[in-house]
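Now for the letters of each chain:
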Amino acid sequence: MLPLKTGLIGCGSFARGMHVPNMIASEYYTIHACCDLDEDAARAVSETAEAAYFTTDVNKIFNDPEIEVIVIATWHDSHAELTIKAAEAGKHILCEKPMGMNMAECRKIATAVRANNVKYTVGYNRGLSPFISKAVDLLTPENDKRMIYYRMQAPFPASHWTHNPAVGGGRFIGEGCHNFDVLCELVAAPPVAIYASGGIFLDPDVVKIPDSASVTISFADDSVATVLINSKGCADFPKESIEIYCNGKVICISDYIKMETFGFEPNCKTTLEAKTQNKGHIKEIEQLADAIINDKEPPSGIRQATRAACISYKVNESIATGKVIPISEEEYNL
Ligand SMILES: NC(=O)c1ccc[n+]([C@@H]2O[C@H](COP(=O)([O-])OP(=O)(O)OC[C@H]3O[C@@H](n4cnc5c(N)ncnc54)[C@H](O)[C@@H]3O)[C@@H](O)[C@H]2O)c1
């Protein structure tokens, strides 16, 4: 069974920089075929990965009986259709975030994945990073009622397709889902309400939907988490920082390379520094392989994927209406 023969759909910058090198280095996967609308992109990645073939026809990937796993790393408007076709073809799936562009798409994906009994992982890798895992371990029940601040300052130029509502869905659906997922993983209780205040900070002649916001999520145990998502900062400034406050203790994670804790041992500050940034991408593909081989639950499966997606749609709703938008488990327990 090993290595799992993999069909890659979407041979752009993220696949080239992350999944392709990680899969080439992995004992669990071999990239068997590469597909992209752009033939040159498919050819280039196919050569790097020494794949059996490349194509611009996605159906060739779905119909290939040798392929067991499909990795989808395309623009966001194609994720739902490609995921559903992959599930119907009986392939296991790693789909990059977002799960889909709206709840209707998420619902169809959940139905197709369950009906065809395939493993599904959405690319919320950050929850699998060692520092988030360590923070979850430290956050034992006596440290409940958490207050969390997450800074996500990643300049995204106005011309980037993520800001195109039809293709990318905008920054909150397209990327904020990562942050919303991490916040939900760091709080033991489910989210109950979302309030977002933001707007268009990039060129309003080009960008037509909000690109930056402060988003506050309230949880059933009275925990509160705020994420600042900014599209017009400076790439020289560190991108991500997470501060968790609870029960006289603090955890601070800086760019997934440094973690400081305060108060977990009396009068004691600890610092962990990794040699390289680790956002959980390798663990993601390893856990998915384990789930496929040993018939386990995959990482970031349907329920987790839908939870953060549901929050992301409500962020746009809150910005548009100026209202607090409730959220319930029934909405995302598809
Ligand atoms: N998990 C992470 O850390 C992370 C980071 C960056 C990007 N991403 C995600 O990776 C995905 C790709 O982003 P990117 O930055 O590589 O974009 P990109 O524009 O560089 O690459 C996307 C590629 O997909 C191809 N494509 C688009 N629609 C297609 C379709 N229907 N069929 C076949 N090919 C198609 C395009 O031709 C392009 O080559 C997105 O979902 C993005 O959100 C994830």
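Scoring rules and cut-offs
Here the residue numbers are simple positions, counted from 1 along each chain's written sequence. Only residues with pLDDT of at least 70 get local features here, since the model is predicted, and only at 80 or more are side-chain atom pairs given and counted; chain-wide, interface and lining totals rely on the full set of residues. Paired strands, in this sense, are two strands between which DSSP finds at least two bridges. Helix numbering and strand numbering both begin at the N terminus, where a helix is a DSSP run of H or I of at least 4 residues and a strand a DSSP run of E of at least 2. Contacts here follow a simple rule: the backbone-placed C-beta atoms of the two residues must lie within 7 Å. Here an axis means a line fitted to C-alpha atoms, over the contact stretch when the element is a helix, while the angle between two N-to-C directions is reported on a 0 to 180 degree scale. Each angle is binned into one of four classes, with values under 35 degrees roughly parallel, values over 145 roughly antiparallel, values of 65 to 115 roughly perpendicular, and all other values oblique. Each domain's extent was defined by an automatic or database domain assignment. Only Asp, Glu, Lys and Arg are considered charged in this grouping, and only Ala, Val, Leu, Ile, Met, Phe, Trp, Tyr, Cys and Pro are considered nonpolar; every other residue, Gly among them, is considered polar. We call a residue near a molecule or strand if the C-beta atom, set from the backbone, is within 6 Å of it.

Draft legend 1. Expanded view of the sheet that holds strand E14 (residues 269-273). Strand order in the open sheet made by the 9 strands is E14-E13-E12-E11-E7-E10-E9-E8-E15, with mixed pairing throughout. Of all strands in the sheet, those bounded by a partner on one side alone are E14 and strand E15 (325-326). Along the sheet, helix H6 (residues 130-138) makes contact with strand E11 (240-246), strand E12 (249-254) and strand E13 (258-262), crossing E12 at roughly 170°. Against the sheet, helix H7 (residues 171-186) touches strand E7 (147-153), strand E8 (191-199), strand E9 (212-219), strand E10 (224-230) and E11, its axis set at about 150° to E10.

Draft legend 2. Structural view of the packing of H6 against H7. For the pair H6 and H7, interaxial distance at closest approach is 9 Å and the crossing angle is 30°. Of the possible angle classes, the one that applies to H6 and H7 is roughly parallel. Note on element contacts: H7 touches H6 through Val182, Glu185 and Leu186, opposite Ile132, Ala135 and Val136.

Draft legend 3. Main features of the domain arrangement of the chain. Taken domain by domain, the chain consists of domain 1 (4-125 + 281-300) and domain 2 (127-279 + 309-332). The gap between the C-alpha centroids of domain 1 and domain 2 is 26 Å. Across the boundary between the two partners, domain 1 contributes 19 residues, which contact 17 residues of domain 2. Only helix H5 (103-115) and helix H8 (281-294) provide two or more residues apiece to the side of domain 1 that touches domain 2. No other element matches H8, which puts 4 residues into the side of domain 1 that touches domain 2. Of the residues contributing to the side of domain 1 that touches domain 2, the split by class is 8 nonpolar, 7 polar and 4 charged.

Draft legend 4. View of the site of the ligand. In the region of the ligand, 23 residues are neighbours, and Gly10, Gly12, Phe14, Ser78 and Glu96 sit closest. When residues in the shell around the ligand are grouped by element, the largest group, 3 residues, is from helix H1 (residues 13-25). By residue class, the composition of the shell around the ligand is 10 nonpolar, 9 polar and 4 charged.

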